[in-house]
Amino acid sequence: GEQLEGRLMLAAFAVNDTGDLEDYDLEDGTCSATFEVQTVGEVSIIVPNNDCTLRAAIQNANGQPGLDTITFGVAAGTVIGVAEPILIDDPITIDAPVGKIAIQGTDSDLLGLVLSGDADGSVIRNLVFNGFNEGLVVGADDCLVVGSHFGVNLAGTSAVGNNIGLRVAGHH
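All values reported here derive from a predicted model rather than from experimental measurement.

Draft legend 1. Representation of the overall build of the protein. The helix and strand inventory of the protein stands at one helix and 15 strands. Along the first, second and third principal axes, the C-alpha set of the protein runs to 55 × 50 × 25 Å. Expressed as a percentage of its 172 residues, the buried residues of the protein come to 40%. Taking as baseline every contact in the protein between residues at least 6 positions apart, the subset at least 24 positions apart corresponds to 63%. For the protein, the accessible surface area stands at approximately 8900 Å², while carbon and sulfur atoms represent 52% of it. For the protein, the centre of its 5 positive side-chain charges and the centre of its 24 negative side-chain charges are spaced 11 Å apart.

Right under this line is the structure:
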């Protein structure tokens, strides 16, 4: 018989929580930073709360092969605080709404989002980076950053500085 060609299923994750928690279980197939334990009789089961933070969404996307997509189920104009760098080591599209989502460092010595050399072809759309040492570090090749702002508030009317807003170490 004929052999079927291999297919790659791309993953999509929707950020619906403005916290900065990691995913509690990267093996369960859901993006969820927290869970609850439900007990029925003598049996306890872990149930994800489906609170998908940006960090948890990126962790899940990093674990899936191929170009994955992250969208936002929080309102445009939302500020997401980041307390430590978020490494992106697989191709990704982060697609924020036109009204922008701010990724804000909680410490001016921090790196924000870091696209490693394995994230070639990634797309970052409509994010505002502020309050970091370096807001967005692009170490991957052939990436696109569009509609994003660095070192300003969401409205673009006042400075909320980064030491370096965008550092590009990749090509193109």
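Draft legend 2. Looking closely at helix α1 (residues 54–62). The buried fraction of α1 is high, at seven of nine residues. Along α1, the residues classified as buried are L54, R55, A56, A57, I58, N60 and A61.

Draft legend 3. Representation of the nonpolar core within the structure. L54, F72, I94, L113, L115 and L127 are the most contacted members of the largest nonpolar core, which totals 34 residues. No other element matches the five residues that α1 contributes to this core. Other than its neighbours up to four places away in sequence, L113 contacts L54, I58, I86, I88, I94, L127, F129, G135, L136 and V137.

Draft legend 4. Representation of a negative patch on the surface in the model. On the surface, D89, D118, D120 and D142 cluster together into a negatively charged patch. Residue placement: D120 occurs in the loop between β9 (111–115) and β10 (123–125). With relative accessibility at 36%, the residue D120 sits in the partly exposed group.

Draft legend 5. Layout of the sheet that holds strand β12 (residues 134–138). Taken in spatial order, the four strands of this open sheet run β6-β9-β12-β15, and their pairing is parallel. The open sheet has two edge strands, β6 (86–88) and β15 (164–168), and neither has a second partner. Neighbouring strand axes in the sheet, compared pairwise and without regard to direction, differ in orientation by 10 degrees on average. By the bridge criterion, four bridges tie β12 to β15 in an arrangement that is parallel. Paired with E134 across the two strands is I164, which belongs to β15.

Draft legend 6. Quick peek at the packing of aromatic side chains. Counting across every chain of the model gives two aromatic pairs. With 4.8 Å between their ring centres and 40 degrees between their planes, Y24 and F35 make a pair best called tilted. Pair noted here: Y24 is in the loop between β1 (12–15) and β2 (35–40) and F35 is in strand β2, with a separation of 11 residues, a long-range link. According to the relative accessible area criterion, Y24 is partly exposed, its value standing at 25%. A residue is classified by how much of its surface remains accessible, and F35, at 38% relative accessible area, is partly exposed. When the ring of F129 is compared with that of F150, the centres are 5.2 Å apart and the planes differ by 5 degrees; the resulting orientation is stacked. In this pair, F129 sits in strand β11 (residues 127–130) while F150 sits in strand β14 (residues 149–150), placing the two residues 21 residues apart along the sequence.

Parameters at a glance
- Residues numbered from 1 in each chain as written.
- Predicted model: local features only at pLDDT ≥ 70, side-chain atom pairs only at ≥ 80, totals over all residues.
- Heavy atoms only, no water.
- Helix = DSSP H or I, 4+ residues; strand = E, 2+ residues; numbered from the N terminus.
- Buried < 20%, exposed > 50% of the residue type's maximum accessible area, 1.4 Å probe, protein only.
- Contact = heavy atoms within 4.5 Å.
- Areas by Shrake-Rupley, 256 points an atom, 1.4 Å probe, with all protein chains shown as cover.
- Lys, Arg positive; Asp, Glu negative; His and termini not counted.
- Charge placed at Lys NZ, Arg CZ, Asp CG, Glu CD.
- Core = buried A, V, L, I, M, F, W, Y, C linked by side-chain atoms within 4.5 Å.
- Patch = residues over 30% accessible without salt bridge, like charges linked within 9 Å, V, L, I, M, F, W, Y side chains within 5 Å.
- Salt bridge = Lys/Arg side-chain N within 4 Å of Asp/Glu carboxyl O.
- Pairing = 2+ DSSP bridges.
- Axes fitted to C-alpha atoms, helices over the stretch in contact; angles between N-to-C directions.
- Phe/Tyr/Trp six-rings, centres within 6.5 Å; stacked < 30°, edge-to-face > 60°.

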